[in-house]
Every structure is written in structure tokens, then in C-alpha cells.
Amino acid sequence: MTRARKSAAGLVCLIALVAAGCSRNGTDGTGGTDAAPSAPPSTAAPSTTAYAPYVSATGASANDSAGSPAAYNLAFVISSGSDCTPEWNGTHAIDDSSVTSRIAQLTADGAAVRVSFGGASGKELAATCGSARKLAEAYGAALDAAGTTLADFDIEGDELTDADSVALRSEALALLQDERADLTISYTLPVMPSGLDEDGLALLESANDHGVQVSTVNLMTMNYGESYTGDMGDYAVTSAKAAHRQLKEVFGLSDADAWRGMALTSMIGVNDVAGETFTLADAARVRAFAEQKSLAWVSMWSAFRDQPCDDDAGSDDAATDCSGVTQEAGAFGKAFAG
């Protein structure tokens, strides 16, 4: 059973990217680049929930622009190996011309890009950098190369349980926000229908303790385990409701602010756990729920999987370049965009 500890007021301001900005001392401010007013959902007002899929930073997909995303999560910046050098997927320099050209194409129509650090493979920089100052510089260099102030930290697996790297990351991000008033930080964390686990909560509490201003907590609503064989759309909603209670407690938020500080990312089609398949109907369910609660954004893993497989569409194994379900190319992007 997870436990949440309520922090001292004002240490962290959890806000959605579509909500008003917040200063480092917890009061309302207007310094953020994403400080647009939000409104409760209604039949007269457009949804404040953005669509922001995960895309490859190193290779284009024909489905990247399906649904006309407001932002793209660029996967992933990790360590080049055992040192503090950031690279795209551990293979491309952060200023590689093919990546910068790709970013220019993604943003040509006005979409933003968010650099996602970490992921399931390789080493997140906090596990290889020797000091908070060097780590902050590595994060900053990657953001500058991408030309963005939006940073996402996808922390999972062994690195989520590594207390030392969690603390070092929090210290580095506090330093970086001191230097960059417009830096917007989100965390992407695994979740279960019971909510965030103790490691995920400990990471958020570490951010709290170091005074990191967190914009959004993005929940990975996927790969729950073999005991979960029901409807994946319902599981996503159940997970969100459980995490909502936890975010209220950790950050001392109102109901509405805790929803606005949340995002949901689903793995489309066949998941990595046998028996888990996320359908187009599930995507529509998640989108409707997100709009109802005015969540910050919805996302999916990933745009390059948003297409039917060439063969064996009913496979029980998750493919890296297709969904494994019957669909038209780009259909999940359109469903998540609403």
C-alpha cells in the first residue's frame, strides 16, 4: 500500500501547462511560457487538454502529425555511456544536424517540443553525472540544442528505486530552475489502478524537498501486470483517480488543481504484458475523461506505432513499429486529439 506525505506549503507548485504560471515561492506568477488561462469544461469552451504524443527524435514517422498535436515528446535523451554527456538514445549527439532538422519540421506549424529524459532503456543522466552542477549543465545543453524550455523526466525501472540519483536529479533541477525562470518540468511515472507506488511518491517528495517547481505528473497507464485482464480504458481512468488522490495529498492541492496537474500516456494496441490490449475505443474513453477533468495533456507510446502491422495483426507480442490491432494509420492520434 502506498503512502503519501504532505509537504510544507509552497515548496512545490504543481500546475498544468495550460494553467496560469507559478513562481518558485508558490505564489501565482506570469513568468512561464505556457501561462494561458484555463477554464472548466463546458459545451461553450474548447477543451484545455492538449494532445502530445511521444515521437522518435532521430527518425520521422508518417503518423507524427496525426491529430495535429500541440506538442511532441521527443524520446529520449540519455547518457552516452558512463559519463555525463547527453545523447539522443545514446547514439546521436544532442546537436546532431538530423535531429535539429527534424525538430524544425515538427515545430514548423507551431507545435512545441518537450525533451524527454530517461525512458526504459539506457542510463538517465542522473545515474552517470558526478555532481548536481554537471547534471544541470547536461540537462540545459540538451534543452538548448532542442530550442525548448519544456523538460520531461521519464523515470522507471531501477532508476526509480535509486535514491541517490533521485536526490541528485532533484538538486540539479532546482539549480536549473533558479537559472531558467521559464523552465517547465514534468515527471512521467509508472502507475497502477491503485495509484503511484512508493518509489514514485518518493521521487515527487524529493522534488518537493528540493523546491523543484513541477508542472505536470504524467502517468504511464500501461503494462499493469498479468493480474489485470479487464478493460484498459477503465484501468486508465481508475489509475488516474487513484493518483489524483495522491497528488492532492503530496502537493496540498484542490481537486481541480490536481486534475490540471495530471497527464495520461497509454501504450496503444498490444502492450508488453500478455493480455493487455489498448483499443481505439479505449483511446476515446481516455480522451473523454481527460476533457471532463481538464487534464493537462494526453499522450501515447507512440506515434511510430500508430499504424497496423504488415502481418500477424493479432500477435500477442508488442511490436516496436506498429500497434498490433486493426486500425487505419494515425487513428490513435486522431482519437486522442478528440
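Residues numbered from 1 in each chain as written. Predicted model: local features only at pLDDT ≥ 70, side-chain atom pairs only at ≥ 80, totals over all residues. Heavy atoms only, no water.

Asker: Honestly, the packing of helix H3 (residues 163–179) against helix H4 (residues 198–210) in this entry has me stumped. Any pointers?
Answerer: The geometry of a pair of packed helices is captured by two quantities: the angle between their axes and the separation between those axes. Where H3 contacts H4, the two axes come as close as 9 Å, and the packing angle between them is 40 degrees. With respect to H4, the axis of H3 lies oblique. Between H3 and H4 lies a crossing of right-handed hand. Counted together, Val166, Ala167, Arg169, Ser170, Glu171 and Ala174 of H3 and Leu203, Ser206, Ala207 and His210 of H4 form the full contact between these two elements. Here the contact of H3 with H4 is composed, by residue class, of five nonpolar, three polar and two charged. (Axes fitted to C-alpha atoms, helices over the stretch in contact; angles between N-to-C directions. Helix = DSSP H or I, 4+ residues; strand = E, 2+ residues; numbered from the N terminus. Parallel < 35°, antiparallel > 145°, perpendicular 65-115°, else oblique. Left-handed = near helix turned anticlockwise from the far one by under 90°. Contact = heavy atoms within 4.5 Å. Nonpolar A, V, L, I, M, F, W, Y, C, P; charged D, E, K, R; others polar.)

Asker: Would you explain helix H5 (residues 232–251) in this entry?
Answerer: Each full turn of the α-helix corresponds to 3.6 residues, which orients residues three or four apart in the same direction. With 20 residues, H5 extends 28 Å between its outermost C-alpha atoms, agreeing within 8% with the 28 Å of an ideal straight helix rising 1.5 Å per residue. Of all 20 residues that make up H5, 14 are buried, and the element is covered over most of its length. The N-capping residue of H5, defined by a side-chain oxygen 3.0 Å from the backbone nitrogen of Gly233, is Asp231. Gly252 sits one or two positions beyond H5 and adopts a positive phi of about 65 degrees. (Expected span 1.5 Å × (residues − 1). Buried < 20%, exposed > 50% of the residue type's maximum accessible area, 1.4 Å probe, protein only. Polar contact = N/O pair within 3.5 Å; in protein donor to acceptor, adjacent residues only side chain to side chain.)

Asker: Can you help me understand H4 in this one?
Answerer: In a regular helix each residue adds 1.5 Å, so 13 residues correspond to 18 Å; H4 covers 18 Å between its end C-alpha atoms and thus fits that length. Where H4 is buried, its residues contact H3, strand S8 (184–190), strand S9 (214–221) and H5. For H4, the capping residue at the N-terminal end is Asp197, with a side-chain oxygen 3.1 Å from the backbone nitrogen of Asp199.

Asker: How do you make sense of the side chain of Ser215 when you look at a structure like this?
Answerer: Looking at the element boundaries, Ser215 is found in strand S9. Overall, the relative accessible area of 5% leaves Ser215 in the buried class.

Asker: What is the right way to read the pattern of salt bridges from this model?
Answerer: Under the counting rule described, the total for this entry stands at eight salt bridges. Residue Asp64 is joined to Arg102 by a salt bridge in which the shortest nitrogen-to-oxygen separation is 2.9 Å. Highlighted residues: Asp64 in the loop between strand S2 (54–56) and strand S3 (71–79) and Arg102 in helix H1 (residues 97–107), separated in sequence by 38 residues. The partner of Lys248 in a salt bridge is Asp255, and the shortest N-O contact between them spans 2.5 Å. On the accessibility criterion, Lys248 (29% relative accessible area) is partly exposed. Judged by relative accessible area, Asp255 falls into the partly exposed class, the value being 42%. (Salt bridge = Lys/Arg side-chain N within 4 Å of Asp/Glu carboxyl O.)

Asker: Explain the environment of Gly225 to me, please; I cannot follow it from the model alone.
Answerer: Positionally, Gly225 belongs in the loop between S9 and H5. Measuring from C-alpha to C-alpha, the distance between Gly225 and Gly275 comes to 9.1 Å, with 50 residues separating the pair along the chain. Apart from residues lying up to four places away in sequence, Gly225 is in contact with Val273 and Glu276.

Interpretation note: all reported values are geometric properties and have no functional meaning in isolation.
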